[in-house]
Amino acid sequence: MTNSFIPPVRTLMGPGPSDVSPRVLEALSRPTIGHLDPAFVGMMDEVKSLLQYAFQTKNELTIPVSAPGSAGMECCFVNLVEPGDTVIVCQNGVFGGRMKENVERIGGKAVMIQDDWGKPVDPQKVEEALKQHPEAKILAFVHAETSTGVQSDAETLCRMAREHDCLTLVDAVTSLGGTPLKVDEWGIDAIYSGTQKCLSCVPGLSPVSFSARAIEKIKARKTPVQSWFLDLNLVMGYWGGESKRAYHHTAPVNALYGLHESLLILEEEGLEQAWSRHQRNHAALKAGLERLGIDFLVDPEARLPQLNAVNIPQGVDDAKIRTRLLDEYNLEIGAGLGALAGKVWRIGLMGHASNMKNVMFCLAALADCLS
Ligand SMILES: *Cc1c(COP(=O)(O)O)cnc(C)c1O
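Before going into details, it helps to say that this report is about the structure given with it.

Concerning empty space enclosed by the protein
- This model, assessed by the stated rule, comprises one cavity of 30 Å³ or more.
- As a volume, the largest cavity reaches approximately 60 Å³.
- What lines the largest cavity is Pro64, Val65, Ser66, Phe229, Leu230, Val235, Trp239 and His249.
- Contributions of two or more residues to the lining of the largest cavity are made by strand 2 (61-65) and helix 9 (232-239).
- A per-class count over the lining of the largest cavity returns six nonpolar, two polar and no charged.

A closer look at the pattern of salt bridges
- Inspection of every chain in the model, using the stated rule, returns 19 salt bridges.
- Arg23 is the partner of Glu261 in a salt bridge, and the nearest nitrogen-oxygen pair spans 2.9 Å. A residue pair is termed long-range when its members are at least 10 positions apart, and Glu261 in helix 10 (residues 253-269) and Arg23 in helix 1 (residues 22-28) qualify at 238 residues.
- For Glu261, a relative accessible area of 9% gives the class buried.

Considerations on the packing of helix 11 (residues 271-291) against helix 13 (residues 356-370)
- Running from amino to carboxyl end, helix 11 crosses helix 13 at an angle of 15 degrees, the nearest separation of the two axes being 9 Å. Taken together, the axes of helix 11 and helix 13 lie roughly parallel to each other. Between helix 11 and helix 13 lies a crossing of right-handed hand. Where helix 11 abuts helix 13, its residues Asn281, Ala284, Leu285, Gly288 and Leu289 lie against Met356, Val359, Leu363 and Leu366.
- A per-class count over the contact of helix 11 with helix 13 returns seven nonpolar, two polar and no charged.

Re the nonpolar core
- Within the largest apolar cluster, 88 residues are counted, with the highest numbers of intra-cluster contacts made by Phe40, Phe77, Leu80, Val126, Leu169 and Phe210.
- A per-element tally of this core places helix 2 (residues 38-55) first, with eight residues.
- Here this core spans two domains, since at least three of its residues come from each of domain 1 (11-16 + 271-370) and domain 2 (22-267).
- If near-sequence neighbours (up to four positions away) are discounted, Phe40 is found in contact with Ile33, Gly34, His35, Tyr238, Ala251, Val253, Leu256 and Tyr257.

Cut-off values and rules
- Residues numbered from 1 in each chain as written.
- Predicted model: local features only at pLDDT ≥ 70, side-chain atom pairs only at ≥ 80, totals over all residues.
- Heavy atoms only, no water.
- 1 Å grid on protein atoms, 1.4 Å probe; cavity = no way out; pocket = protein on both sides within 12 Å on 5 of 7 lines; lining within 4 Å.
- Points joined across faces, edges and corners; volume = space filled by probe spheres on them.
- Helix = DSSP H or I, 4+ residues; strand = E, 2+ residues; numbered from the N terminus.
- Nonpolar A, V, L, I, M, F, W, Y, C, P; charged D, E, K, R; others polar.
- Salt bridge = Lys/Arg side-chain N within 4 Å of Asp/Glu carboxyl O.
- Buried < 20%, exposed > 50% of the residue type's maximum accessible area, 1.4 Å probe, protein only.
- Axes fitted to C-alpha atoms, helices over the stretch in contact; angles between N-to-C directions.
- Parallel < 35°, antiparallel > 145°, perpendicular 65-115°, else oblique.
- Left-handed = near helix turned anticlockwise from the far one by under 90°.
- Contact = heavy atoms within 4.5 Å.
- Core = buried A, V, L, I, M, F, W, Y, C linked by side-chain atoms within 4.5 Å.
- Domains from an automatic or database assignment.

What follows is the structure, encoded as structure tokens:
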């Protein structure tokens, strides 16, 4: 006979999902109500304004897409790119490659800027590409590359794009809530994130935000958005402010209770405080790893505090150590991807999981497994 599924209690210090706040888990279990219930609609408005705070934006179109970060990515691309459009795509890890895939499936032309895995996007190369491709309508890049633990200079890249009259499309799945991100100040036009990284929430929702310039481009489209579900013209009818909420799809009611709670936690702590907590715990982890003889893949100035990509010491069996950490310590850390498989571990200190107890626990478990 099959029984109820009772998951083991793990400490999640990989590339995501990360530990979920107990407050969020409790919020998820509250009674489900109708998604057009006035009480629920009131909560949706609060989710919108809490998201505006997290993104540091006044953008009216700031909503959670009812699907994971990958759907937020697709939502940005299918709405902003039309067949024949040129998009400059920066790739320095896994997720830039997915951006290319999105552009090409839409029938757009992706001009690729390649940087080594473990290095940030090179603004010099972006400037050159913007000059060489005046026809480019969008610059797309990943702010925090979870596959390599690298942070790129979003502020500089956005300024360059603006000087060339290009819109910006930014992946902030791992940066939101963990590292400074200022949508309005930096002039980001389209941005997507995820709930399962630094927001301390469960996987499955993707906060997105669009500037007035981005909405103008969407409204001026000559072709319909080929995705019915992600077509913002339709989604706006559901999330839109003054207009009556039209049924589009059944909102994931309980998941949105969870997001509401997680954003409330972020607001209570304060964004700046959350950013500095991530930095502090990263510094403590780094000091401890150095004592174990473990060094970082990424140069100090481009390191993500919430995702520590570290070189696996010579002669150490990657899979064996990770299996022991999981079996003996209920501790999950991430493996390397692609060219970095077997070469690096990715130790996440994201959201609720970014705390001193986890830092000490991970260091002690690693020291034991490596001795
Ligand atoms: C995790 C992640 C995604 C995808 O999010 P999912 O919720 O797994 O779909 C996209 N981009 C980056 C940088 C990520 O870290």
